[in-house]
Amino acid sequence: MNETEHEGKTYILKSQVEAIIKDRVSKVAARANEAESQLKDATAQIESMQGKQASLDMLTDQIQKLQGELAASENKFNRYQSMSKHGISEPELIEAIEWQYEKSMKGKSKKEVTPLSEWLENHLSNPAEAPIAIRPHLQNLAEAAAPSPAAESVASPELAESLAEVSEPLQQATPQPMYQAPQTNRGAVPAPEGKDILRKAMSDPEFYSANAEAVQKAWMARYSR
């Protein structure tokens, strides 16, 4: 037996003490080795996760950077469209307009910021209020874009009086048949001649404006004999 009792107490034989200690030390060492192994595995997993997290953070940064570049490109394209539709294509003028726009929007809240297209439209409609650096350019653009007034049919007093005198007889005259174009020119409309061109000029100011020289020649040929 490894144990003995004396006076109610249990004693271990001295020869067995060393073996018992070794066994316990061995068990503790085994548990320590197992814990160390688990710690190594946990450390490796943490390092792997940290590497994956670093990769994820890097990808997230790249995505955000690309999104920012895309937004900047779209904004630049929209700005170019807003200016090109008004005939603005010179790089220096585009840069000057963008600089003036950014300067005018500086310090404003997001709700107060006006889109470049609207800002430019407002200044083109009233170039006198535009920033002085781009004012002359916008004035030129506004003048070029303004619709030209329709040409007025203004005849000389003598010609107007003469046309007035012959207007009534011409209106009462029997319409002359128009010259029939040859088959090779089917669909073409020949210009009126003689009384027809004078009658057309009296009833159509735009026709007179476009054919003033021909009308005057027809009148001179008819009434200056």
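1. Focus on helix H3 (residues 116–125)
Next, step 1: All of the buried residues in H3 are Leu116, Trp119, Leu120, His123 and Leu124. Each buried residue of H3 sits inside an arc of 130° when the element is viewed along its axis, so together they form one side.

2. Examining the pattern of salt bridges
Where side chains of opposite charge bring their charged atoms close, a pairing between them can arise.
Next, step 1: Within the structure shown, the criterion is met by four salt bridges.
Next, step 2: Its salt-bridge partner being Lys40, residue Glu36 comes within 4.0 Å of it at the nearest N-O pair. Note that Glu36 and Lys40 are positioned in helix H1 (residues 14–84) at a spacing of four residues, about one turn of the helix.
Next, step 3: Judged by its relative accessible area of 42%, Glu36 falls in the partly exposed class.
Next, step 4: Here Lys40 falls in the exposed class, since its relative accessible area comes to 54%.
Next, step 5: Between Glu102 and Arg79 there is a salt bridge; the shortest N-O distance is 2.4 Å. With Glu102 in helix H2 (residues 91–105) and Arg79 in helix H1, the pair connects residues that are 23 residues apart, well separated along the chain.
Next, step 6: On the basis of relative accessible area, Glu102 is assigned to the partly exposed category, the value being 40%.
Next, step 7: A relative accessible area of 12% places Arg79 in the buried class.

3. Comments concerning the nonpolar core
Next, step 1: Within the largest apolar cluster, 14 residues are counted, with the highest numbers of intra-cluster contacts made by Met83, Ile88, Ile97, Leu116, Trp119, Leu120 and Leu138.
Next, step 2: Of all the secondary-structure elements, those providing two or more residues to this core are H2 and H3.
Next, step 3: Tallying contributions element by element places H2 first for this core, with five residues.
Next, step 4: In contact with Leu138, not counting residues within four places along its chain, are Leu120, His123, Leu124, Pro127 and Ala130.
Next, step 5: Counting eight residues, the second largest nonpolar core, distinct from the first, contains Leu198, Phe207, Tyr208 and Trp219.

4. Details of the packing of aromatic side chains
Next, step 1: Counting across every chain of the model gives one aromatic pair.
Next, step 2: With 5.6 Å between their ring centres and 70° between their planes, Tyr101 and Trp119 make a pair best called edge-to-face. With a gap of 18 residues between them, Tyr101 in helix H2 and Trp119 in helix H3 connect regions that are remote in the sequence. The burial state of Tyr101 is the same as that of Trp119; both residues are buried.

Quick notes on the rules
Residues numbered from 1 in each chain as written. Predicted model: local features only at pLDDT ≥ 70, side-chain atom pairs only at ≥ 80, totals over all residues. Heavy atoms only, no water. Buried < 20%, exposed > 50% of the residue type's maximum accessible area, 1.4 Å probe, protein only. Helix = DSSP H or I, 4+ residues; strand = E, 2+ residues; numbered from the N terminus. Arc of directions from axis to C-beta. Salt bridge = Lys/Arg side-chain N within 4 Å of Asp/Glu carboxyl O. Core = buried A, V, L, I, M, F, W, Y, C linked by side-chain atoms within 4.5 Å. Contact = heavy atoms within 4.5 Å. Phe/Tyr/Trp six-rings, centres within 6.5 Å; stacked < 30°, edge-to-face > 60°.

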